[in-house]
Amino acid sequence: DMLNKLLVQQSITSEARGWKETSANDAIVSPSLHISTLLDAHPNLAHVVDKHGRLALHYAAGSSGVYETIGRILEANPTAASVRDPITGLYPFMLAGSSSNAPAAFLLLLADPNLVLGGAQADAGENDKKRKRIPSIG
């Protein structure tokens, strides 16, 4: 719970100051010292869900300007990238994308590319099926 509160606080502080990480040339918001310290001391915190069933990665992905923090959480819990947020039903890469954090969305998608592979295969399978002819009336 403490880690999630720190993530929300970091996001609010970053947005209030106008810091947003959009490219390598822009200002970079480094992860909170508190978050790094917590994860160094207790890496298992990245695996713990709160009372809503959310992981720290869900909070981080839904925030803007916390790219390095997301990377740090992924190091501690790489499988979190494949866990849907129980509140929104979105995967972390989708949460990051909905927060206009394209670099974080890409990082999260690289952590589990299979999240979009299934959709591509399903679409290809539908295109391979032959259309049924509708009998003409008349």
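For the structure itself, consult the block above.
Predicted model, so just to flag it, every value in this text is computed and none were measured. (Residues numbered from 1 in each chain as written. Predicted model: local features only at pLDDT ≥ 70, side-chain atom pairs only at ≥ 80, totals over all residues. Heavy atoms only, no water.)

(A) Expanded view of the packing of helix α4 (residues 67-76) against helix α6 (residues 102-111). It is the contact of α4 with α6, at a shortest axis distance of 9 Å, that shows an interaxial angle of 15 degrees. In terms of axis orientation, α4 runs roughly parallel to α6. Crossing angle aside, the handedness with which α4 passes α6 is right-handed. Contacts from Tyr67, Ile70, Gly71 and Leu74 in α4 reach Pro103, Ala104, Leu107, Leu108 and Ala111 in α6. When its residues are assigned to classes, the contact of α4 with α6 shows eight nonpolar, one polar and no charged. (Axes fitted to C-alpha atoms, helices over the stretch in contact; angles between N-to-C directions. Helix = DSSP H or I, 4+ residues; strand = E, 2+ residues; numbered from the N terminus. Parallel < 35°, antiparallel > 145°, perpendicular 65-115°, else oblique. Left-handed = near helix turned anticlockwise from the far one by under 90°. Contact = heavy atoms within 4.5 Å. Nonpolar A, V, L, I, M, F, W, Y, C, P; charged D, E, K, R; others polar.)

(B) Examining the nonpolar core more closely. If you look at the biggest cluster of nonpolar residues, it comprises 23 residues, and the most contacted ones within it are Leu39, Leu57, Ile70, Ile73, Leu74, Ala96 and Leu108. For this core, the elements supplying multiple residues, two or more each, are α2 (33-41), α3 (56-61), α4, α5 (92-98) and α6. Residue contacts for Leu74: discarding those within four places in its chain leaves Leu57, Ala81, Leu107, Leu108 and Ala111. (Core = buried A, V, L, I, M, F, W, Y, C linked by side-chain atoms within 4.5 Å. Buried < 20%, exposed > 50% of the residue type's maximum accessible area, 1.4 Å probe, protein only.)

(C) Up close: the pattern of salt bridges. Taken as a whole, this structure holds three salt bridges when the rule is applied. Note that Glu75 and Arg72 form a salt bridge whose closest N and O atoms lie 3.9 Å from each other. On the criterion of helical spacing, the pair formed by Glu75 and Arg72 is a turn pair, its members being three residues apart in helix α4. According to the relative accessible area criterion, Glu75 is exposed, its value standing at 61%. Given a relative accessible area of 18%, Arg72 falls into the buried group. One connected set of salt bridges, linked through shared partners, spans Asp40, Arg72 and Glu75. (Salt bridge = Lys/Arg side-chain N within 4 Å of Asp/Glu carboxyl O.)

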